[in-house]
Amino acid sequence: MTFFEELQQQRWDDHRYYHHNRINQFLHLLSAMCFLASYVLVFYYPAIAALVGWLLAMSLRQTGHFFFEPLDYDKVNKATHEYKESVKVGYNLRRKVVLLSIWAFVPIILYIEPTFFGAFTPAASFYEFINNMAIIWLFVGLGAIAFRTIHLFKLMGVQSGLVWASKIITDPYHDIKIYYKSIYYIMKGEMYDNMEDWYEEASFENKAL
């Protein structure tokens, strides 16, 4: 596959396997808006960008996955949850638990080790503590992308790793594009996406390719 074809495939697999619930889709829409705000803020206020990215964008996104997305047998795709977890290119739920645990331990470690092993001057105020914590969170996020990208180089090849990194970075734009109607479906009482429209579109695109 070309780079663009694989990008489309990764996006399609991610959507059809992990975004059935309309509330999850809506939370991804809100998350995407927060991420876009953090993309702008990072050039001016990196610490605030990290706080927006982790406390708002990531919290909304992962709440959708862990509390609303069904984890039982997927009748639409005819796949078990275990199978979907095994073929997930990026961070599956198990890997996300590890990543979120690292994120949660950062303020505890920073409280115990105020210099964070020599990286910072000890915070003289609560504001400085939050600022230092946010900067560490920023690097945790960037590090998570870099780590999985390099890991995918080994598992699936350089192109697949770069495709995944590109997908992650552009997910906020794509989520807004495909989930902007989610609140409309929720108000109609349609709580689950049966993927019929998506499968028809994917089938047409595959034939075109």
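Source: prediction; values computed, not measured.

A. Broad picture of the layout of surface pockets. Quantified by volume, the largest pocket comes out at close to 1,000 Å³. Of all the secondary-structure elements, those providing two or more residues to the lining of the largest pocket are α1 (3–18), α2 (22–41), α3 (46–68), α4 (81–87), α5 (93–112), α6 (126–156) and α7 (158–179). Tallying contributions element by element places α3 first for the lining of the largest pocket, with 8 residues. Its residues assigned to classes, the lining of the largest pocket comprises 24 nonpolar, 9 polar and 10 charged.

B. Examining the packing of α2 against α3 more closely. Running from N to C, α2 and α3 cross one another at 170°; their axes reach a closest spacing of 8 Å. What the angle tells us is that α2 and α3 run roughly antiparallel. Two packed elements cross with a definite hand, and for α2 against α3 that hand is left-handed. Its residues assigned to classes, the contact of α2 with α3 shows 16 nonpolar, 8 polar and 1 charged.

C. Fine view of empty space enclosed by the protein. In the structure shown here, the tally under the stated rule is 2 cavities of 30 Å³ or more. Lining the largest cavity are R11, D14, H15, H19, K167, D171, H174, D175, I178 and Y179. Looking at which element gives the most residues to the lining of the largest cavity, the answer is α7, with 6 residues. Each residue belonging to the lining of the largest cavity can be placed in one class, and the counts come to 2 nonpolar, 3 polar and 5 charged. As a volume, the second largest cavity reaches approximately 40 Å³.

D. Region of interest: the packing of α1 against α7. Here α1 crosses α7 at 60°, and the two axes come no closer than 9 Å. Accordingly, the angle class assigned to the pair α1 and α7 is oblique. Here the hand of the crossing between α1 and α7 comes out right-handed. Side by side, α1 and α7 meet where F3, E6, L7, Q10, R11, D14 and H15 of the first sit next to Q159, S160, L162, V163, W164, S166, K167, T170, H174, I178 and Y179 of the second.

What counts and how
- Residues numbered from 1 in each chain as written.
- Predicted model: local features only at pLDDT ≥ 70, side-chain atom pairs only at ≥ 80, totals over all residues.
- Heavy atoms only, no water.
- 1 Å grid on protein atoms, 1.4 Å probe; cavity = no way out; pocket = protein on both sides within 12 Å on 5 of 7 lines; lining within 4 Å.
- Points joined across faces, edges and corners; volume = space filled by probe spheres on them.
- Helix = DSSP H or I, 4+ residues; strand = E, 2+ residues; numbered from the N terminus.
- Nonpolar A, V, L, I, M, F, W, Y, C, P; charged D, E, K, R; others polar.
- Axes fitted to C-alpha atoms, helices over the stretch in contact; angles between N-to-C directions.
- Parallel < 35°, antiparallel > 145°, perpendicular 65-115°, else oblique.
- Left-handed = near helix turned anticlockwise from the far one by under 90°.
- Contact = heavy atoms within 4.5 Å.

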